[in-house]
Amino acid sequence: MNQTLFPTPSGTMGPALPRYEGRAKVTGDARYPSDVRLARTAHAYLHTSRIGLGTIEAFDLSAARAVPGVIEILTNETIGGEIRQMPAIYQGGYLADSAQPLGSADVAHWGQPIAMVVAETYEAAREAANRIGVTYRPHAALAADMDAAEASEQALDPMSFGVGDFAAAYEAAPVRVDARYSTPAQHQNPMELFATQCAWEGDRLTVHEPSQNLNNIRFGLAEQLGLDAEKIRVVSPYVGGAFGAKGFLTQRTALVALAARRLGRPVKLVATREQGFTVSGYRAETRHHVQLAADRDGRLTALRHEGWELTSRADSVAMGAVSMTARLYACPNIIGRVNAVGADRSTPGFMRAPGEMSYGFAMETALDELAHALAMDPVELRRVNDTPVEPVGGLPYTSRSLMQCFDAAAGAFGWHERTQAPGSMRDGDWLVGWGCASAFYPAQAGNSAARVRLSADGRVHVASAGHELGQGMYTMMAQVAAEELGVPADRVTVSLGDTDLPPAVVAGGSSSTASVAPAIMAACDAIRRRLGIEEGSPASVMPAMEASGMGVVEEFAEARAHGQPPESIQGLYRGLALPTGGAHLSDRVQFALGAQFVEIRVHARTHEIRVPRAVGAFAAGRIINPRTAHSQLVGGMIWGIGSALHEHSEIDRRNAGYVNANLADYLLPVNADVVDVQAILVPEEDRLVNRAGVKGVGEIGVVGVAAAISNALFHATGRRLRDLPIRLEHIMST
């Protein structure tokens, strides 16, 4: 794989330092929540529903209780409503969905936890859970997917908007595109499974759980169990992948906490890979209708993007990224609409670039169709429609480097050698196609706090309840503190992943660095003021520290994100620190932008598909650490290849269950599928988005890749496939 050389540090790039926690991870010293060993720990195992909709008429627990070592079996009949039903985050609550754990005999979806066994060993708990007998009364009116007659459609008016007169402009245009697209359900499948350990000490509860949002667990669990949140501590110093799946409190945590309180001993649950498909959220399947109209020069005159997203019966959830696709290019007449389609499935949630991946696939493929209809280069079509203001409200972009990204990526890719006609490039038996697409993601930030301590020996400690998901949070915190105080980064230690630390934003929406870095900077400012250092001075604090005679200086600071009202800081201390930004500000628009270029090869006889090359260029504000940013972007691009060609959570329409809920049948890219992936960091200075100038890189890498592959396939074969994933059987059937 091509590894791009890291740029020389400049005002927009920090040094490419090695990972702060790298040694701990490669030597096994890093301890993840399920690695924590507590005395007398009992082990839990979930039993999940095998039907998609219905009622439990009876349990037969006799065989399960006969397994040696079984201590307790929790069902809706045994917990007696001890766990309160609470609203989901979509209704202003804390939970990933609004279900009540073991709340009744009703079954709302396949894979729903309906019992939990607690035993002396994991093996005993698993054996007993598998011996539980359940008598169901299935309901016939099961809606397994968006095509089911029983599915219910609801227009989400707050996500819908328009400007100008789309209908008239579309009818009058000389060149038009009218097409429909679809993307499937997909699951994150982080390497680390969904684990929870709970231990009580008197009336105080400690939870060890991999999380992107520790304080969300703390306050949500307090509401579920009727506890004082101050008596709950959540610890997660490392997270083995999350990608949105560990962003919010799920229903398993309260069950484990309840079992631990009943037993008077710690209880550990590690959900299986299959159970991970339904105990947390996932990327819902989507449908799209895109209509584009342009004049003969390629200038857009009308744009309509309507999306449909699957959701559960209980929670009306939609990512609604039409708010971005409709604002990406200059156009005077626009309609954007979002609809939720209710089915008998678990509640979907956030998965890396949750709406941007699917909505971007539809819009960027439609643009390629327009370019073909115009006989116009796809890059030039985007250049003609580039804009410094978003077209719906006329708000300015804080910065917009889209075409700089296209120029950088096109140059590295060799785009000028592309011949325009579909099927015109060939290498022996291989049809060669080149495609491109825009990448975009909202530049978001949330409120966060941090504490920084400077010692007389030149050592610095920085702390915040942020989250290390593998994205480089430890490294970023150390680098920012070192830069602000003028000390070597190896003199800085970091604490994160603990609710005893200053609260931080959810590690989602590419917002962590953009939120926590300003708080660290504010705390360092306070230290400089304490030492009498003039504001703006770049010098090291150590001479002033030595002159002060103080042994330690420590400061705490909060940072409020742009667009968040002053009273929103209070939510930071209630676990409600959610980011904002992108297209949802009253005075401006904040996007990270990029360009994706892909070469695919399709074998003329076997229709085998290969992706030998991918080049992406990204402008995401200031890059604190090019090494960790590059890793995020390359990983995202590889995931984009998976989204386009491999990933599909297959549904059995008889019970709305997943037939490939494992890593053997759920297809992912492997080394043979990933040959040459190049990520280019385009320098961009934007101090309007936040004080650190950071836009975030965690999610933009996946956006646009699927569209670029689809567009490259058309260039190679002349066949336009509008449904993901694209597999060889789909090419053969066209």
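The numbering scheme is per chain: residues are counted from 1 as the chain's sequence reads. Only residues with pLDDT of 70 or above have their local features reported here, since the model is predicted, and side-chain atom pairs are shown and tallied only from 80 upward, although totals for entire chains, interfaces and linings are computed over all residues. Excluded from the side-chain calculations are hydrogens and water; all other atoms, namely the structure's heavy atoms, are used.

Enquirer: What exactly am I supposed to notice about the overall build of the protein chain here?
Expert: When helices and strands are tallied, the protein chain shows 19 helices and 29 strands. The size measure is the radius of gyration over C-alpha atoms, and the globule rule it meets is 2.2 Å times the number of residues to the 0.38 power. For a compact globule of 734 residues, the expected C-alpha radius of gyration is about 27 Å, and the protein chain comes in at 26 Å, within 12% of that figure. Once the C-alpha set of the protein chain is aligned to its principal axes, its extents read approximately 80 × 75 × 50 Å. Out of the 734 residues belonging to the protein chain, those deemed buried represent 63%. Element-wise, carbon and sulfur atoms account for 50% of the exposed surface of the protein chain, whose accessible area totals about 26300 Å². Only DSSP runs of H or I reaching four residues or more are called helices, and only runs of E reaching two or more are called strands; each is numbered from the N terminus. Note on exposure labels: buried denotes an accessible area under 20% of the residue type's maximum, exposed denotes more than 50%, and partly exposed covers the range between, all computed with a 1.4 Å probe on protein chains only. Accessibility throughout is a Shrake-Rupley quantity obtained with a 1.4 Å probe, and a residue counts as covered only by protein chains that appear here.

Enquirer: Which parts of the structure should I look at to understand the sheet that holds strand β20 (residues 448-455)?
Expert: Consider a sheet: its strands pair through backbone hydrogen bonds, and that pairing is either parallel or antiparallel. DSSP bridges decide pairing: two strands pair if at least two such bridges lie between them. Across the sheet, four strands lie side by side as β22-β21-β20-β23; this open sheet has mixed pairing. Taken across any chain shown, the strands that pair with only one partner, and hence form the sheet edges, are β22 (492-495) and β23 (552-559). For this sheet, the mean angle separating the axes of adjacent strands, direction not counted, is 15 degrees. Examined bridge by bridge, β20 and β23 share eight bridges and lie antiparallel to one another. Looking at β23, one finds that Ser 455 is bridged to Val 552. Any two residues whose heavy atoms approach within 4.5 Å are treated as being in contact. Here the axes come from fitting lines to C-alpha atoms, over the contacting stretch only for helices, and the angles between their N-to-C directions go from 0 to 180 degrees. The strands that helix α13 (residues 473-485) touches are β20, β21 (460-463) and β22; relative to β22, the one it contacts most, it runs at about 135 degrees. In the packing of helix α14 (residues 512-530) onto the sheet, contacts are made with β20, β21 and β23, and the angle to β23 comes to roughly 140 degrees.

Enquirer: I keep staring at unusual backbone geometry and nothing clicks. Help me out?
Expert: Glycine aside, residues mostly have negative phi, and peptide bonds are mostly found in the trans state. Cis geometry marks the peptide bond from Leu 724 to Pro 725, where omega comes out at -5 degrees. The phi dihedral of Leu 102 is positive, around 50 degrees, even though this residue is not glycine. Its place among the elements puts Leu 102 in the loop between α3 (76-79) and β4 (106-107). Of the residues examined, Leu 102 reaches a relative accessible area of 7% and is grouped as buried. Positive phi values are uncommon outside glycine, yet Ala 353 reaches one of about 55 degrees. You can see Ala 353 is positioned in the loop between β16 (334-343) and α10 (356-374). You can call Ala 353 buried: its relative accessible area is 0%.

Enquirer: What is the right way to look at empty space enclosed by the protein in this model?
Expert: Where empty space is left can be seen by rolling a probe of water-molecule size over the atoms. We place a 1 Å grid over just the protein atoms. Points where a 1.4 Å probe fits but has no way out form a cavity, open points with protein on both sides within 12 Å along at least 5 of 7 lines form a pocket, and any residue with an atom within 4 Å of a point lines it. Grid points are joined across faces, edges and corners, and a volume is the space filled by probe spheres set on the points. Tallied over the entire structure, the rule returns seven cavities of 30 Å³ or more. As for the largest cavity, its lining consists of Asp 368, Ala 371, His 372, Met 376, Pro 378, Arg 418, Gln 420, Pro 422, Asn 711, Phe 714, His 715 and Arg 720. Elements with a minimum of two residues in the lining of the largest cavity: α10 and α18 (705-717). As a working rule, the residues Ala, Val, Leu, Ile, Met, Phe, Trp, Tyr, Cys and Pro are called nonpolar, Asp, Glu, Lys and Arg charged, and the rest polar, with Gly in that last group. In terms of residue class, the lining of the largest cavity is made up of five nonpolar, four polar and three charged.

Enquirer: Explanation requested: the sheet that holds strand β2 (residues 54-60) in the structure shown.
Expert: If you trace the three strands from one edge of the open sheet to the other, you get β4-β2-β6, paired in antiparallel fashion. With partners counted over all chains shown, the strands left at the sheet margins are β4 and β6 (133-138), one partner each. Summarising the sheet, β2 and β4 pair through two bridges and their orientation is antiparallel. Across the sheet, residue Thr 55 finds its bridge partner in β4, namely Asp 106.

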